[in-house]
Amino acid sequence: MSDPALGLTMLVLIVVVIMMGFPTAFTLMGLGIFFGYIAFYDPAHTSLADNRVFDLMVQRTYGAMTNDVLISIPLFVLMGYVMERGALVDKMFYSIQLAFRRVPASLAVATLIVCTFWGIASGLVGAVVVLMGVIAFNPMLRAGYDVKLASGVITAGGTLGILIPPSVMIIVYAAVAGQSVVKLYAAAMFPGFFLSLLYLVYIVGWAMINPKIAPPLPEEQTRVPVPEWLRKFQTAYSPNMLLGLSKALISPWKAREIKADGRRLGYWTLLNNLCVALVPFALIAGTLWLAWWYVVIHQQAVAEAAVSGVQQLGTPGLGSGPATPAEQGPPEGFYFWFGLCAVAGTLMLVRYYWRMDADRFVVLKLLTSSVMPLGILTVVVLAVILFGITTATESAGVGAAGAFLLAVQARTLDWKRTKEAVFLTAKTTAMVCWLFVGSALFSGVFAVLGGQALVEQWVLSFNMTPVQFMILSQAIIFVLGWPLEWTEIIVIFVPIFLPLLKHFNIDPILWGTLVFVNLQAAFLSPPVAMSAFYLMGVAPRHVTLNQIFAGMMPYMIVIIVCMVIMYLWPGMTLWLPNYLYGG
């Protein structure tokens, strides 16, 4: 048997053995050592220890141990497990459900939003699916929701955590492909939220076409729990809460006669409630200010400092390399679009505050207390990475520390849960590291045997266009997602395609982001649809696995639609990394 044939035999055996249930990492190492021993066999050296496959194993293990990209994995995983063990999601689901109570399929919409938000914070598919299965599945079924709708939204929404940064899958791909983690994070940002938006459009559209699958909720489930003191406050000052709180701060005498929780309203309570009422204004104004500061003020200062440094020192400095689009000043049309967003934001605020009654104010308070802390932590973790303030590893440390602070502040994390989070983090990290060692050894032996060269010759012999190669590679990965998980696909099969990207002039950032979206289907495609089995473990007995599979299938079509749009409009993927870092 020729060496390339041995390489292809390795590839077939790894799929067969993994599907038989053997651990992926040790299967990779075992096959790598076995076929590597054959590849490096020298009749002149009869001793087993003289075979160079053991040298290759040591080198590949050391390379995985010294890979700086992998350091951020245990910290991001720890952040996710602390969030999951801290049980911070119940109040969030209730508040979001009240906020969207008038939207068709409001429970499903709230479930998808919480899955997206919680997936970003934790990045753990199994934890999100199980948690939302416990919290949201039974309420949707009791409300008369179709089983396929309820199971589909939980399983599909739960997978978004490995797509939207910070994501462990993106870190693994960056290490395998030798790409920048921050560029991949920036590239995956818009497609991740866009896929979530497509899910939302599908859910609401299906509910509007066929209202029987998601009947309206009874009044007791949509009634906002407005406390009695707020009704009295409205009577004393104004039905509009923003106007009433402003008046109360100027003239607090009437407010002091109102009791809340057995105590009279104090000036500090009024001021605190006014701050809550101003949260929407702070969010919109803060977002606009941050965009203006980064695009107009900060990057201009960076460019001036770079030019000044070069002129004073007479040597290449910060400005020695080509300037990124961000450093070249505001892009064309920035002021128009910024002004348009500012006007739209102002109109939204005016409309919102004009209609701010007690119900809206209570919902805002619930959202502020449940969503804001986690939202701020997530934005900080992503912002410091994307703006180049910290590395991905340092940002992961900030996220893990912030997760501990949130859980301690909510008083939901005790010593037992902390130990569980740390143990699970160590277990997951060890699994990922062993995967890297095994895949590095496997790919090294595969290349030595000539398997990689054979695959490249075979693909190039078809004389495909870049579009045809893109379709073929993504189709193969889509099919591989049915029997395999994303870890096996990333560490085994993605390295086979990577050398071919340069020949077809395909950006590895764009191709990798398409792979990330494509691998969402790996969790939704039977027979190894892990999301279905996660949900089945907490589903009522009358729910069958076939019903869950049927509920997931439409979302696989949505994933394909998202990939087509991403390829037809590559700017959705490449604009942000190119703007921030050049390219």
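If you're wondering where the values come from, they're calculated on a predicted model, not measured in any experiment.

### Topic: the overall build of the protein chain
Line of reasoning, step 1. Scanning the protein chain from N- to C-terminus turns up 27 helices and 2 strands.
Line of reasoning, step 2. Scaling as 2.2 N^0.38, a compact globule of 583 residues should have a C-alpha radius of gyration of about 25 Å, and the protein chain matches this with 27 Å.
Line of reasoning, step 3. By its C-alpha atoms, the protein chain is 100 × 75 × 50 Å across when sized along the principal axes.
Line of reasoning, step 4. Per-residue burial over the protein chain gives 51% buried out of 583 residues.
Line of reasoning, step 5. Accessible surface computed for the protein chain: about 27400 Å², of which carbon and sulfur atoms make up 67%.
Line of reasoning, step 6. Placing the 30 positive and 25 negative side-chain charges of the protein chain at their respective mean positions leaves the two points 17 Å apart.

### Regarding the side chain of Gln97
Line of reasoning, step 1. Following the sequence through the fold, Gln97 ends up in helix 5 (residues 90-99).
Line of reasoning, step 2. The exposure class assigned to Gln97 is buried, which follows from its relative accessible area of 6%.
Line of reasoning, step 3. Residues contacting Gln97, with those up to four places away along its chain left out, are Leu107, Ala110, Leu217 and Gln221.

### Observations concerning unusual backbone geometry
Excluding glycine, a negative phi dihedral is what most residues carry, and trans is how most peptide bonds are arranged.
Line of reasoning, step 1. For the peptide bond that leads from Pro165 to Pro166, omega is -5 degrees, which places it in the cis range.
Line of reasoning, step 2. Mapped onto the elements of the fold, Pro166 is located in the loop between helix 8 (147-158) and helix 9 (168-177).
Line of reasoning, step 3. Positive phi values are uncommon outside glycine, yet Asn463 reaches one of about 55 degrees.
Line of reasoning, step 4. Note on placement: Asn463 falls in the loop between helix 21 (451-460) and helix 22 (466-480).

### Concerning the layout of surface pockets
Line of reasoning, step 1. Of the pockets and cavities examined, the second largest pocket occupies roughly 970 Å³.
Line of reasoning, step 2. For the second largest pocket, the lining is made up of 35 residues, of which Met431, Glu485, Trp486, Thr487 and Tyr534 are closest to its centre.
Line of reasoning, step 3. Secondary structure elements with two or more residues in the lining of the second largest pocket: helix 1 (3-19), helix 2 (24-39), helix 4 (72-86), helix 7 (125-142), helix 9, helix 20 (415-448) and helix 23 (486-503).
Line of reasoning, step 4. The greatest single-element share of the lining of the second largest pocket, amounting to 7 residues, is contributed by helix 20.

### What to know about the state of the cysteines
Line of reasoning, step 1. Enumeration according to the criterion identifies 0 disulfides in this entry.
Line of reasoning, step 2. The cysteine Cys115 is free of any disulfide, with Cys562 supplying the nearest cysteine sulfur at 17 Å.
Line of reasoning, step 3. Of the residues examined, Cys562 reaches a relative accessible area of 0% and is grouped as buried.

### Side note on the environment of Met556
Line of reasoning, step 1. Position of Met556 among the secondary structure elements: in helix 26 (residues 545-568).
Line of reasoning, step 2. Sequence separation between Met556 and Asn518 is 38 residues, and the spatial gap between their C-alpha atoms is 9.0 Å.
Line of reasoning, step 3. With sequence-adjacent residues up to four places away left out, Met556 is seen in contact with Phe478, Trp482, Ala521, Leu524 and Ser525.

### Quick look at empty space enclosed by the protein
It is the rolling of a water-molecule-sized probe over the atoms that shows where space remains empty.
Line of reasoning, step 1. Applying the stated rule across the entire model yields 2 cavities of 30 Å³ or more.
Line of reasoning, step 2. Considered as a void within the structure, the largest cavity measures approximately 60 Å³ in volume.
Line of reasoning, step 3. As for the largest cavity, its lining consists of Phe76, Met79, Ile120, Ala121, Ser122, Gly123, Pro166, Ser167 and Val168.
Line of reasoning, step 4. Secondary structure elements with two or more residues in the lining of the largest cavity: helix 4 and helix 6 (106-122).

### Topic: the pattern of salt bridges
Line of reasoning, step 1. Tallied over the entire structure, the rule returns 2 salt bridges.
Line of reasoning, step 2. For Glu219, the salt bridge identified is with Arg223, shortest N-O distance 3.9 Å.
Line of reasoning, step 3. For Arg231, the salt bridge identified is with Asp359, shortest N-O distance 3.4 Å. Of this pair, Arg231 sits in helix 12 (residues 228-236) while Asp359 sits in helix 17 (residues 358-370), and the two are 128 residues apart along the sequence.

### Things to note about the packing of helix 1 against helix 23
Line of reasoning, step 1. Here helix 1 crosses helix 23 at 165 degrees, and the two axes come no closer than 12 Å. On the basis of the axis angle, helix 1 is roughly antiparallel to helix 23. With respect to the hand of their crossing, helix 1 and helix 23 are arranged in left-handed fashion. Of the residues in helix 23, those touching helix 1 at Leu11, Ile14, Val15 and Ile18 are Glu488, Ile492, Phe493 and Ile496.
Line of reasoning, step 2. Its residues assigned to classes, the contact of helix 1 with helix 23 shows 7 nonpolar, no polar and 1 charged.

### Some points on the packing of aromatic side chains
Line of reasoning, step 1. This model, assessed by the stated rule, comprises 25 aromatic pairs.
Line of reasoning, step 2. Centroid distance Trp292 to Phe338: 5.2 Å. Interplanar angle 50 degrees. Geometry classified as tilted. One end of the pair, Trp292, is in helix 15 (residues 279-313); the other, Phe338, is in helix 16 (residues 334-354), and 46 residues separate them in sequence.
Line of reasoning, step 3. We classify Phe338 as buried; its relative accessible area is 18%.
Line of reasoning, step 4. Measuring from ring centre to ring centre gives 6.4 Å for Trp293 and Tyr294, while their planes differ by 50 degrees; the resulting arrangement is tilted.
Line of reasoning, step 5. Trp293 sits in the partly exposed class, given a relative accessible area of 27%.
Line of reasoning, step 6. By relative accessible area, Tyr294 is classed as buried at 6%.
Line of reasoning, step 7. Site record: aromatic cluster; members linked through ring pairs are Tyr199, Tyr202, Trp206 and Tyr555.

### Here's the deal with helix 13 (residues 241-250)
Line of reasoning, step 1. Taken residue by residue, helix 13 has Met241, Leu242, Gly244, Leu245, Ala248 and Leu249 as its buried positions. Taken around the axis of helix 13, the buried residues stretch over an arc of 165 degrees, which confines them to a single face.
Line of reasoning, step 2. Check the buried side of helix 13 and you find it contacts helix 12, helix 14 (267-277), helix 16 and helix 17.
Line of reasoning, step 3. With a side-chain oxygen positioned 3.1 Å from the backbone nitrogen of Leu242, the residue opening helix 13 is Asn240.

### Overview of the nonpolar core
Line of reasoning, step 1. The biggest cluster of nonpolar side chains holds 175 residues, and the ones touching the most others in it are Tyr145, Tyr199, Ile490 and Trp511.
Line of reasoning, step 2. Broken down by element, this core gets its largest block of residues, 13 residues, from helix 10 (residues 181-209).
Line of reasoning, step 3. Setting aside residues up to four positions removed in sequence, Ile490 forms contacts with Met169, Val172, Tyr173, Val176, Pro495, Val515 and Leu519.
Line of reasoning, step 4. In this structure, Trp229, Ile258, Leu270 and Leu364 belong to the second largest nonpolar core, which totals 29 residues.

What counts and what doesn't
Residues numbered from 1 in each chain as written. Predicted model: local features only at pLDDT ≥ 70, side-chain atom pairs only at ≥ 80, totals over all residues. Heavy atoms only, no water. Helix = DSSP H or I, 4+ residues; strand = E, 2+ residues; numbered from the N terminus. Rg over C-alpha atoms; globule rule 2.2 N^0.38 Å. Buried < 20%, exposed > 50% of the residue type's maximum accessible area, 1.4 Å probe, protein only. Areas by Shrake-Rupley, 256 points an atom, 1.4 Å probe, with all protein chains shown as cover. Lys, Arg positive; Asp, Glu negative; His and termini not counted. Charge placed at Lys NZ, Arg CZ, Asp CG, Glu CD. Contact = heavy atoms within 4.5 Å. 1 Å grid on protein atoms, 1.4 Å probe; cavity = no way out; pocket = protein on both sides within 12 Å on 5 of 7 lines; lining within 4 Å. Points joined across faces, edges and corners; volume = space filled by probe spheres on them. Disulfide = S-S within 2.5 Å. Salt bridge = Lys/Arg side-chain N within 4 Å of Asp/Glu carboxyl O. Axes fitted to C-alpha atoms, helices over the stretch in contact; angles between N-to-C directions. Parallel < 35°, antiparallel > 145°, perpendicular 65-115°, else oblique. Left-handed = near helix turned anticlockwise from the far one by under 90°. Nonpolar A, V, L, I, M, F, W, Y, C, P; charged D, E, K, R; others polar. Phe/Tyr/Trp six-rings, centres within 6.5 Å; stacked < 30°, edge-to-face > 60°. Arc of directions from axis to C-beta. Polar contact = N/O pair within 3.5 Å; in protein donor to acceptor, adjacent residues only side chain to side chain. Core = buried A, V, L, I, M, F, W, Y, C linked by side-chain atoms within 4.5 Å.

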